[in-house]
There are 2 protein chains.
Amino acid sequence: MKNLLYTGKKIKKTRARTVILEEINKIKSHPTAYEMFKIVKQRLPRVSLGTVYRNLDILSEHGLVLKLKMNDAQMHYDGRTDEHYHIQCVKCGKTEDIPLEMLNNIDTAVQDKTAYRVLYHTISFYGLCTECTEEDVTGKGNKV
Amino acid sequence: MKNLLYTGKKIKKTRARTVILEEINKIKSHPTAYEMFKIVKQRLPRVSLGTVYRNLDILSEHGLVLKLKMNDAQMHYDGRTDEHYHIQCVKCGKTEDIPLEMLNNIDTAVQDKTAYRVLYHTISFYGLCTECTEEDVTGKGNKV
DNA sequence: ACTTTAAACAGGAATCATTCTTAATTATGA
DNA sequence: TCATAATTAAGAATGATTCCTGTTTAAAGT
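Basis of the calculations
Residues numbered from 1 in each chain as written. Chains lettered and ligands numbered in written order. Predicted model: local features only at pLDDT ≥ 70, side-chain atom pairs only at ≥ 80, totals over all residues. Helix = DSSP H or I, 4+ residues; strand = E, 2+ residues; numbered from the N terminus. Near = placed C-beta within 6 Å. Nonpolar A, V, L, I, M, F, W, Y, C, P; charged D, E, K, R; others polar. Pairing = 2+ DSSP bridges. Axes fitted to C-alpha atoms, helices over the stretch in contact; angles between N-to-C directions. Least-squares fit on C-alpha atoms with pLDDT ≥ 70 in both. Contact = placed C-beta atoms within 7 Å. Expected span 1.5 Å × (residues − 1). Buried ≥ 20, exposed ≤ 12 C-beta atoms within 10 Å, placed from the backbone. Arc of directions from axis to C-beta.

Q: What is the right way to look at the environment of Glu35 of chain A in this model?
A: Assignment of secondary structure puts Glu35 of chain A in helix H2 (residues 33–43). Separated by 41 residues in the primary sequence, Glu35 of chain A and His76 of chain A have C-alpha atoms spaced 9.4 Å apart.

Q: Teacher, can you tell me more about the protein's contact with DNA strand D here?
A: Near DNA strand D you find 24 residues, and of these Thr14, Ala16 and Thr51 of chain A together with Gly50 and Met75 of chain B are the closest. Elements with a minimum of two residues in the surface near DNA strand D: helix H1 (15–24) and helix H3 (49–61) of chain A together with helix H3 (49–61) of chain B. It is H3 of chain A that contributes the most residues to the surface near DNA strand D, 4 residues altogether. Counted by class, the surface near DNA strand D contains 7 nonpolar, 9 polar and 8 charged residues.

Q: Looking at this structure, I do not really get the sheet that holds strand E4 (residues 95–98) of chain A. What am I missing?
A: What links the strands of a sheet is backbone hydrogen bonding, and the strands pair in either a parallel or an antiparallel sense. The 6 strands lie next to each other as E4(A)-E3(A)-E5(A)-E5(B)-E3(B)-E4(B), forming an open sheet whose pairing is mixed. Of all the strands in the sheet, just E4 of chain A together with strand E4 (95–98) of chain B have a single pairing partner and so form its edges. Mean inter-strand twist for the sheet, computed between neighbouring axes without regard to direction, equals 30°. As defined by bridge partners, strand E3 (residues 85–89) of chain B adjoins strand E5 (residues 117–128) of chain B across 4 bridges and the pair is classed as parallel. Counterpart to Cys89 of chain B in the pairing with E5 of chain B is Gly127 of chain B.

Q: Sorry if this is basic, but what is going on with the relation of the copies chain A and chain B here?
A: Relating one copy of the chain to the other requires a rotation about an axis plus a shift along that axis. By a simple turn and slide, chain A fits onto chain B: the slide is 0.0 Å along the axis, the RMSD is 0.0 Å, and the turn is 180°. Given the turn and translation reported, the copies of this chain are related as if by a two-fold rotation axis. Taking C-alpha positions as reference, the residue of chain A nearest the rotation axis is Ile123 of chain A, located at 2.2 Å. Interface overlap between copies: 100% of the residues of chain A at the interface are likewise at the interface in chain B, consistent with a symmetric, same-surface contact.

Q: Please explain H3 of chain B as it appears in this structure.
A: Because an α-helix completes one turn every 3.6 residues, residues spaced three or four positions apart along the sequence face the same direction. All names here are of chain B. Spanning 13 residues, H3 covers 18 Å between terminal C-alpha atoms, matching the ideal 18 Å at 1.5 Å per step. Turning to H3, its buried residues number three or more, namely Val52, Asn55, Leu56 and Leu59. Buried residues in H3, looked at end-on, bunch into an arc of 105°, giving them a common side. Pointing more than 90 degrees away from the buried face of H3 are the exposed residues Gly50 and Glu61. Contacts made by the buried residues of H3 are with helix H1 (15–24), helix H2 (33–43) and strand E2 (75–78). One or two positions beyond H3, positive phi appears at Gly63, with a value near 75°.

In structure tokens form, the structure reads like this:
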């Protein structure tokens, strides 16, 4: 159950790639490339930011990582690869998974109503995480 | 029914701003800032791209335009300001409105299941528009 | 209409996330 | 072990967007 990661994929197993995948799978939230870079750098001090970007891309092309576009400037990466939805805190930018069943029927509903051949959809929720809801009282500034 | 645009808003009515708003309201699809720039330039040849960006931002802050993040690099702008969902063609990047009723209940559903105070959500559909579905046979390249 | 003045403007520089280039290193498989 | 194709570090390049500066303009009073 541990390393089903590279299983059955023609993907070269390099040092950086392995560490990136290990580390992203330890995290429940969905870091940016730069956040992953800082984490990976602790184990591979000579790793470069470009390598982290490239490997996150390769991993997502191979379905081992999800690449998420939320309402901030950077991409976020998710080690959980089954289809699911996400939420982002509008204050601190933290991005996490949502325990909501997939709405599989809306793609066909939309396809029936439009001229598009619908392939997939994304749902993103935005709100305040617990920490930021509490901080709200203190009136600190926004990040996202 | 025509110019409810500036109604009741403390927003200065400048040449560029007026033209941008008029033009975006003529369009059903959701152009990027640069596409708007090219359109506006036909009426105001000396307009600058920065002005178009700034005004689209101001207009969206005042709720006169929606700013959309889809799965390409650029922001898209929507003259229709009531809540609704969007679809983007994965091939040509065209972005349009979806005739699907708002799923108002999912915010509370998510709030009940998470530690977040949910404020809003977005749903984006991706697929192939009619033109690109047809072109598919001819095997032309992807843009988005 | 004329004046004032804060906001908006054009043009171009700056920023920031991401991608690309290149020469050196490394994983894979014969 | 060797060949070689992929990967890497470092930094340059790119592209969307924002910011800066000196000039212009819209809004609100005279």
